[in-house]
Amino acid sequence: GQQLNQSPQSMFIQEGEDVSMNCTSSSIFNTWLWYKQDPGEGPVLLIALYKAGELTSNGRLTAQFGITRKDSFLNISASIPSDVGIYFCAGRGQGAQKLVFGQGTRLTINP
Amino acid sequence: GAVVSQHPSRVICKSGTSVKIECRSLDFQATTMFWYRQFPKQSLMLMATSNEGSKATYEQGVEKDKFLINHASLTLSTLTVTSAHPEDSSFYICSARDLIAGGGKETQYFGPGTRLLVL
């Protein structure tokens with residue numbers, strides 16, 4: 001099935017560093033979502049974006065809906081140990097029921 | 001916030017047996033439910049979409065006779081893995097969407113997942 005192109009696939013950073021990851025698509029989406037998944041659990045919604053150009057924050061997390069509607073990025077500032085996990089982007093097209101997921105970005109933090 | 005539960009959280013079964021996984025929306029009515037499968041270190045792959053009272057729509061390559069989905073009420077969907085084999089071992093995650101809440105806000109919530117191990 002269709003997947004979004006998410007990068008990087010993995011990141012190894014020091015605690016306190018900022019993190020940036022992004023997703024691109026060949027098709028236009030009306031909704032961009034960012035989820036975090038901890039081991040053995042389901043994804044938890046972090047940020048939802050609904051308009052092209054929209055910039056939304058959730059604590060130390062900031063995400064933007066690309067102006068072309070084909071990309072989105074997620075930034076995490078001042079990373080802490082509990083930020084460790086896998087981050088997924090997901091998009092939904094106009095009138096679509098299904099979400100299309102990215103491959104995920106695995107974040108590892110060295111204390 | 002909206003909560004989706006799954007039961008069981010983990011199940012081990014013998015090859016050839018059937019396993020039923022339940023997905024419930026606890027505080028909202030789910031007009032649409034989705035079933036995903038996730039293999040280790042991979043993303044979520046959609047298996048099927050079900051609307052309450054209708055037959056599920058399966059993704060290409062997913063056997064509808066092997067993965068039976070029932071969405072008989074607005075708060076419950078079940079996935080039955082029939083004649084399970086070791087290659088069916090995976091992490092199964094359901095998701096429920098509340099289209100009525102709407103308001104332009106994201107209303108699709110994920111369950112905690114069910115780990116299936118077929119011996």
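Residues numbered from 1 in each chain as written. Chains lettered and ligands numbered in written order. Predicted model: local features only at pLDDT ≥ 70, side-chain atom pairs only at ≥ 80, totals over all residues. Heavy atoms only, no water.

Some remarks on the overall build of chain B
The secondary structure content of chain B amounts to zero helices and eleven strands. Order of helices (α) and strands (β) in chain B, N terminus to C terminus: β-β-β-β-β-β-β-β-β-β-β. When the backbone C-alpha atoms are referred to their principal axes, chain B occupies close to 45 × 25 × 20 Å. Going through the 119 residues of chain B one by one, you find that 50% of them count as buried. (Helix = DSSP H or I, 4+ residues; strand = E, 2+ residues; numbered from the N terminus. Buried < 20%, exposed > 50% of the residue type's maximum accessible area, 1.4 Å probe, protein only.)

What about the overall build of chain A?
Along chain A, the regular secondary structure elements total zero helices and eleven strands. In terms of C-alpha radius of gyration, chain A reaches 13 Å, essentially the compact-globule figure of 13 Å for 111 residues. Each of the three principal axes of chain A carries a C-alpha extent, and together these read 45 × 30 × 20 Å. Classification of the 111 residues of chain A by burial places 43% in the buried group. The long-range fraction of contacts in chain A, counting pairs at least 24 apart against all pairs at least 6 apart in sequence, stands at 54%. Within the structure as shown, chain A displays about 5,100 Å² of accessible surface, and the carbon and sulfur contribution to it stands at 51%. Chain A carries 8 positive and 8 negative side-chain charges, and their two centres are separated by 14 Å. (Rg over C-alpha atoms; globule rule 2.2 N^0.38 Å. Contact = heavy atoms within 4.5 Å. Areas by Shrake-Rupley, 256 points an atom, 1.4 Å probe, with all protein chains shown as cover. Lys, Arg positive; Asp, Glu negative; His and termini not counted. Charge placed at Lys NZ, Arg CZ, Asp CG, Glu CD.)

Digging into the interface of chain A and chain B
With 23 residues of chain A at the contact, the number on the chain B side is 24 residues. Around 1,700 Å² of area is buried between chain A and chain B when both sides are counted, 52% of it from carbon and sulfur atoms. If you sort the residues of chain A by the area they bury against chain B, A:Y50, A:Q97 and A:K98 come out on top, with a joint share of 30%. The tally of links between chain A and chain B comes to one salt bridge. The shortest N-O distance in the salt bridge between A:K98 and B:E59 comes to 3.1 Å. (Buried area = accessible area lost by both parts, 1.4 Å probe. Salt bridge = Lys/Arg side-chain N within 4 Å of Asp/Glu carboxyl O.)

Here we look at the layout of surface pockets
Residues and elements named next belong to chain A. Taken as a whole, the second largest pocket encloses approximately 340 Å³ of empty space. Within the residue set of the lining of the second largest pocket, elements represented by two or more residues are β9 (85-92) and β11 (105-110). Take the lining of the second largest pocket: its biggest share by element is three residues, from β11. Taken together, the residues of the lining of the second largest pocket break down into seven nonpolar, six polar and four charged. (1 Å grid on protein atoms, 1.4 Å probe; cavity = no way out; pocket = protein on both sides within 12 Å on 5 of 7 lines; lining within 4 Å. Points joined across faces, edges and corners; volume = space filled by probe spheres on them. Nonpolar A, V, L, I, M, F, W, Y, C, P; charged D, E, K, R; others polar.)

A few points about the nonpolar core
If you look at the biggest cluster of nonpolar residues, it comprises 25 residues, and the most contacted ones within it are B:W35, B:Y58, B:F67, B:I69, B:L79, B:Y92 and B:L116. In this structure, B:Y92 is in contact with B:Q6, B:I21, B:Y36, B:R37, B:M47, B:F67, B:L79, B:G113, B:T114 and B:L116, ignoring residues within four places of it in sequence. Grouped together as the second largest cluster of nonpolar side chains are 22 residues, A:L4, A:M11, A:I13 and A:F65 included. (Core = buried A, V, L, I, M, F, W, Y, C linked by side-chain atoms within 4.5 Å.)

Quick notes on the pattern of salt bridges
Tallied over the entire structure, the rule returns five salt bridges over all chains. Put simply, B:E22 and B:R24 hold a salt bridge, and the shortest N to O gap is 3.4 Å.

Some words on the sheet that holds strand β1 (residues 4-7) of chain B
The strands that make up a sheet pair up through hydrogen bonds in the backbone, lying either parallel or antiparallel. All names here are of chain B. Read across the sheet, four strands follow the order β1-β3-β8-β7 without closing on themselves; strand pairing throughout is antiparallel. Strands at the two margins of the open sheet, each flanked by one partner only, are β1 and β7 (67-73). For this sheet the average axis-to-axis angle between neighbouring strands, irrespective of direction, equals 15°. Where β1 lies against strand β3 (residues 19-25), four bridges are found, and the strand directions are antiparallel. Within β3, the residue paired with V4 across the bridge is S25. (Pairing = 2+ DSSP bridges. Axes fitted to C-alpha atoms, helices over the stretch in contact; angles between N-to-C directions.)

Overview of the state of the cysteines
Residues and elements named next belong to chain A. Evaluated as defined, the whole model comprises two disulfides over all chains. A sulfur-sulfur separation of 1.7 Å characterises the disulfide bridge that pairs C23 with C89. Since a negative S-S torsion denotes a left-handed disulfide, the C23-C89 link at about -80° is left-handed. Of this pair, C23 sits in strand β3 (residues 19-24) while C89 sits in strand β9, and the two are 66 residues apart along the sequence. Looking at C23, the relative accessible area reads 0%, which means it is buried. (Disulfide = S-S within 2.5 Å.)

Some remarks on a nonpolar patch on the surface
Side chains of B:I12, B:L117 and B:L119 sit close together on the surface and give an oily, nonpolar patch of about 310 Å² of accessible area. Within the secondary structure, B:I12 is located in strand β2 (residues 10-13). (Patch = residues over 30% accessible without salt bridge, like charges linked within 9 Å, V, L, I, M, F, W, Y side chains within 5 Å.)

Describing the environment of A:E15
Locating A:E15 in the fold gives a position in the loop between β2 (10-14) and β3. Taking the C-alpha atoms as reference points, A:E15 and A:D38, 23 residues apart in sequence, are found 18 Å from one another.

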